[in-house]
Amino acid sequence: MRLLLKNARVVDPASGVDGVLDVLLEDGLVSSVKPGIPARGAQVEDLEGLVVCPGFIDLHVHLREPGQEWKETVATGTRAAAAGGFTGIACMPNTVPVNDSRSVTEHILAQARAHGTVPVYPIGCVSKGQRGEELAEMGDMIEAGAKGFSDDGRCVGSSLLMRRALEYTRIFGVPVIDHCEDSVLVDGGVMNEGETATRLGLKGWPGAAEDLIVERDILLAEYTEGHVHIAHMSTARAAESVRRAKKRGVRVTCEVTPHHLVLNDEAVSEFDTNAKMNPPLRAEADRRALLEAIADRTVDAIATDHAPHHRDEKSVEFCRAPFGIVGLETAVSLCLDRLVHAGVIDLARLVELLAVGPAGILRLNKGTLRPGADADVTVLDVHREVRVDPARFFSKSTNSPFLGWKLRGAPVATVVAGRIVHDAR
Amino acid sequence: MKLRSRHLLGIASLEPDEIALILDTAEGFAEVSTREIKKVPTLRGRTVVNFFVEPSTRTRSSFELAEKRLSADSLNFSATASSFVKGETLLDTARNLEAMAPDYIVLRHSEAGAPHFLALHCRSSIVNAGDGAHEHPTQALLDAFTMRQRKGRLAGLRVAIVGDILHSRVARSNVLLLTRVGAEVTVCGPPTLLPKEMARLGCAVTHRIEEAIEGADVVMMLRVQLERMQSGFFPTLREYARLYGLDPRRLRLAAQDAIVMHPGPMNRGIEIMGEVADGGSSVILEQVTNGVAVRMAVLYLLAGGTESEAAA
């Protein structure tokens, strides 16, 4: 099977390519990238005026299956991913039951094979039952197809367990992904501690609760030579810790979410439960520091932390609402509008954050359009004006603070293994 | 003039002229409570649901009396006696109440923002009777009414608010109201019970009670709850009383004619000593009396009333 993408601007930062070229995909791999490739029986798509990049990978998605299928399933979540321009997604293990064993990992992958639109990369639990006590059977899960480990939704609270996890994962060369919060210091908070929380009388938790654990994880990664990946980093100080650690060669990577780059804690002012997530929207100074950190390469990836919840679950008092928002179908447009068009980063840097970085962290043969790489492609129309419309979401849930936003730039087609899986041209 | 919103969700959404309107209107209603027949037909035929999802006797009684003196029909609906504890959501409970076509829902709730949430989904006028640690607008209005009655003005008054600022909706609403009308507010409490960003609301902040009280025209003491000690905000109630209790010696630091206020219920011997609570400076019971008039004014104005027709 051959697919020829013609006349698009190809942006492939991993190979230093940025220009109008043709891309030939053959038997699931990139076969060549150069001007004027002849069709020779391939399916030809003329993408003039559009941008072709290596497929975007979302490192941080909650698919809710098994166990909470009213929020999302593997089928709807991967369909939403394709519509959002993602050619693969890593799914977090805090399902019901949690993904702490081969059988759950296999179940998720079987669902993905049967009903998935894009590949799923399961992240297994660090600890049995996600209880934060003993290591889960990581080797077994790796054999079944897990790509990393995390107790996401919770922090690995015990420093000893974190040390052991960082050591043990060295067998497999995969990252330990930590949701960094000192839960004692969080103490039941529902938003960022600061002026807005003070005005609203809502219980806040300080950025220091994140900073402490980020610094702890860096120290342990440095000591054990394991790979720690900081999930959804949200504070200025955490970014500074990662920046310094990278300078001294620690194996630390990190991701930030589009919402932490676009919103600050003032979005909570009207008690909007769609502005409630964990980590919480932080102060404006934190947001600005994160923008700096994506520009100066401290940050490796942008990930959505797609956390679907049913409408009824969010239609309650702020304190009682669950944390989290959906992100798969808004992320790329938010990034194009608020980061690229706003001049924070250029398009090549965005492709690094959405494709190159995530592929490297998960050790996938992706993130580039070099010949031999997997034939996953995201096609963008960087000028298309879109309005975020929940009626058009493929996700089962619409809990987003961005509903109704007008944004410039959108994913318009998604190619997985050389096959077009979503086409909105 | 009229109020701009049909809800009273907080002081944060009131302009200074609206605050003045409510206080002026309350003057007229205060007189009603001194009559032999303490009732006016102003809200005859209107229905008020007092929806209390957190225990309260004082505020609920005050609203109920205000409603009765305005000839409104009231229905008391409290969480403990309702399906609310059986897992029904706040929204569903409110919609059921609304199906009975009330004109107002007076909501007391343990969570900040609950009245704002209802206001988005309900047709009735929502009156916030206290939401978590957020706001208690009618309390701040009755406090301001009492201060104005005693001092003749609000602008330029020096007001000290002492106690558990962190968990206090009374403190927040008072700071918002008083700073809006030109009073100088100092809040005081142990740093563990005083949010770091409190000064951003426009008040001065101190951790020493003497500094807060010095020269104050109004000293407002807040209730400190035993459970705060249990959660480790301060070591013991005994130590709290020593560091932050208002006794006659400390009160002498205030202006000579200073008044002492407390939103109740008081912990005698902890945040306020009996000699002060019962002393000549105390206006604590006047606050309670004025609460009825202020709540009458709020209900009347939310129905679209104007000052000139009030209490006729």
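Note: the structure precedes this text.
The structure presented is a predicted model; accordingly, all values stated were derived computationally and were not measured. (Residues numbered from 1 in each chain as written. Chains lettered and ligands numbered in written order. Predicted model: local features only at pLDDT ≥ 70, side-chain atom pairs only at ≥ 80, totals over all residues. Heavy atoms only, no water.)

Asker: An account of the overall build of chain B is needed here, citing residue identities and associated values.
Answerer: Within chain B, the secondary structure is distributed over twelve helices and nine strands. A compact globule built from 312 residues would reach a C-alpha radius of gyration of about 20 Å, and chain B, at 19 Å, matches this within 12%. Projected onto the principal axes, the alpha-carbon positions of chain B cover approximately 55 × 45 × 35 Å. Relative to its 312 residues, chain B shows a buried fraction of 59%. When contacts within chain B are restricted to residue pairs at least 6 apart in sequence, those whose partners lie at least 24 apart make up 71%. Total accessible area computed for chain B in this model is approximately 12,700 Å², and 50% of it derives from carbon and sulfur atoms. (Helix = DSSP H or I, 4+ residues; strand = E, 2+ residues; numbered from the N terminus. Rg over C-alpha atoms; globule rule 2.2 N^0.38 Å. Buried < 20%, exposed > 50% of the residue type's maximum accessible area, 1.4 Å probe, protein only. Contact = heavy atoms within 4.5 Å. Areas by Shrake-Rupley, 256 points an atom, 1.4 Å probe, with all protein chains shown as cover.)

Asker: Give a detailed account of the packing of aromatic side chains, specifying residues and quantitative values.
Answerer: Residue and element names in this part refer to chain A. Summed over the entire model, instances satisfying the criterion amount to seven aromatic pairs over all chains. Their ring planes at 85° and their centres at 5.9 Å tell us that W205 and F323 sit as a pair that is edge-to-face. On the criterion of sequence distance, the pair formed by W205 in strand β12 (residues 204–205) and F323 in the loop between α11 (311–314) and α12 (331–340) is long-range, its members being 118 residues apart. A relative accessible area of 30% means that F323 is categorised as partly exposed. (Phe/Tyr/Trp six-rings, centres within 6.5 Å; stacked < 30°, edge-to-face > 60°.)

Asker: Go over the sheet that holds strand β8 (residues 120–124) of chain A with me, naming the residues and quoting the values.
Answerer: All names here are of chain A. Across the sheet, which stays open at both edges, the eight strands sit in the order β6-β7-β8-β9-β10-β13-β14-β15 with parallel pairing between neighbours. In this open sheet, the two strands that pair with only one neighbour each are β6 (56–61) and β15 (301–302). Bridge count between strand β7 (residues 86–91) and β8: three bridges; the pairing is parallel. In the sheet register, A90 faces β8, and the bridge partner there is Y121. Contacts from helix α8 (residues 236–247) reach β13 (228–230) and β14 (252–256), with the element oriented near 150° to β14. Running at roughly 65° to β6, helix α13 (residues 347–361) makes contact with β6, β7, β13, β14 and β15 of the sheet. (Pairing = 2+ DSSP bridges. Axes fitted to C-alpha atoms, helices over the stretch in contact; angles between N-to-C directions.)

Asker: Got a sec to walk through the environment of P38 of chain A? Specific residues and values, please.
Answerer: Mapped onto the fold, P38 of chain A is located in the loop between β3 (29–34) and β4 (43–46). For the pair formed by P38 of chain A and D22 of chain A, sequence separation is 16 residues and the distance between their alpha carbons is 9.3 Å.

Asker: How would you explain the packing of helix α4 (residues 159–168) of chain A against helix α7 (residues 208–224) of chain A if you had to name every residue and give the values?
Answerer: All names here are of chain A. With their axes 9 Å apart at the nearest point, α4 and α7 run at an angle of 45° to one another. As the angle between them shows, α4 and α7 are arranged oblique. In this structure, the crossing between α4 and α7 has a hand that is right-handed. Judged by residue contacts, S159, M162, R163, L166 and E167 of α4 engage R216, D217, L220, A221, Y223 and T224 from α7. Across the contact of α4 with α7, the residue classes tally to five nonpolar, two polar and four charged. (Parallel < 35°, antiparallel > 145°, perpendicular 65-115°, else oblique. Left-handed = near helix turned anticlockwise from the far one by under 90°. Nonpolar A, V, L, I, M, F, W, Y, C, P; charged D, E, K, R; others polar.)

Asker: Lay out the packing of helix α2 (residues 58–69) of chain B against helix α12 (residues 284–302) of chain B with the relevant residues and their values.
Answerer: All names here are of chain B. Between α2 and α12, whose axes approach to 8 Å, the crossing angle comes to 60°. With respect to α12, the element α2 is oriented oblique. Here α2 runs over α12; the crossing is right-handed. Packed against α2, whose contacting residues are T59, S62, F63, L65, A66, E67 and R69, the element α12 presents G291, V292, R295, M296 and L299 at the interface.

Asker: Can you explain helix α5 (residues 137–151) of chain B? Please cite residues and give values.
Answerer: Residues and elements named next belong to chain B. The end-to-end C-alpha separation of α5 is 21 Å, in line with the 21 Å expected for 15 residues at 1.5 Å each. α5 sits mainly inside the fold: 13 of its 15 residues count as buried. Phi for G152, located one or two positions after α5, is positive at around 80°. (Expected span 1.5 Å × (residues − 1).)

Asker: Could you give an account of the interface of chain A and chain B, naming the residues involved and the relevant values?
Answerer: If you look at the interface, chain A gives 14 residues, while chain B gives 20 residues. In total, about 1,500 Å² of surface goes out of reach between chain A and chain B, with carbon and sulfur atoms giving 62% of it. Counting the surface chain A buries against chain B, the share from its top three residues, T198, R199 and E317 of chain A, is 37%. Our count for the chain A to chain B interface comes out at two salt bridges. Close ionic contact of E111 of chain B with R320 of chain A constitutes a salt bridge, the shortest N to O distance being 3.9 Å. The interface formed by chain A and chain B includes four residue pairs in polar contact (both at pLDDT 80 or more). Each residue belonging to the side of chain A that touches chain B can be placed in one class, and the counts come to six nonpolar, four polar and four charged. (Buried area = accessible area lost by both parts, 1.4 Å probe. Salt bridge = Lys/Arg side-chain N within 4 Å of Asp/Glu carboxyl O. Polar contact = N/O pair within 3.5 Å; in protein donor to acceptor, adjacent residues only side chain to side chain.)

Asker: Describe empty space enclosed by the protein, and please don't skip the residues or the numbers.
Answerer: Residues and elements named next belong to chain B. Inspection of the entire model under this criterion finds five cavities of 30 Å³ or more. Of the volumes computed, that of the largest cavity is approximately 100 Å³. Lining the largest cavity, in full, are R58, T59, S62, Q139, L142, H262, P263, I284, Q287, V288, G291 and R295. Residue assignment for the lining of the largest cavity shows that the elements contributing at least two residues are α2, α5 and α12. Among the elements that make up the lining of the largest cavity, the one with the highest residue count is α12 (five residues). Here the lining of the largest cavity is composed, by residue class, of four nonpolar, six polar and two charged. (1 Å grid on protein atoms, 1.4 Å probe; cavity = no way out; pocket = protein on both sides within 12 Å on 5 of 7 lines; lining within 4 Å. Points joined across faces, edges and corners; volume = space filled by probe spheres on them.)

Asker: Could you give me a rundown of the pairing of strand β17 (residues 406–416) of chain A, with the residues and numbers involved?
Answerer: All names here are of chain A. Within β17, nine of the eleven residues are buried, leaving the element largely enclosed by the surrounding structure. For strand β16 (residues 377–387) and β17, the ladder comprises eight bridges, and the chain directions are antiparallel. When the bridges of β17 are listed, T378 appears paired with T414. Across four bridges, the pairing between β17 and strand β18 (residues 419–423) is antiparallel. Its bridge partner being in β18, V415 is matched across the sheet by I420. With antiparallel pairing between neighbouring strands as the criterion, β17 and β18 make up a hairpin whose turn holds two residues, including A417 at a positive phi of roughly 50°.

Asker: Tell me about the layout of surface pockets, residues and numbers included.
Answerer: By volume, the second largest pocket amounts to about 770 Å³. Lining the second largest pocket we find 35 residues, and of these E270, F271, D272 and T273 of chain A together with L120 of chain B sit closest to its centre. Among the elements that make up the lining of the second largest pocket, the one with the highest residue count is helix α4 (residues 114–121) of chain B (four residues). When the residues that make up the lining of the second largest pocket are grouped by side-chain class, the tally is eleven nonpolar, 15 polar and nine charged.

Asker: Explain the environment of S183 of chain A to me, and be specific about the residues and the numbers.
Answerer: Inspection of the secondary structure assignment puts S183 of chain A in helix α5 (residues 183–186). C-alpha separation for the pair S183 of chain A and V156 of chain A, spaced 27 residues apart in sequence, amounts to 9.8 Å.

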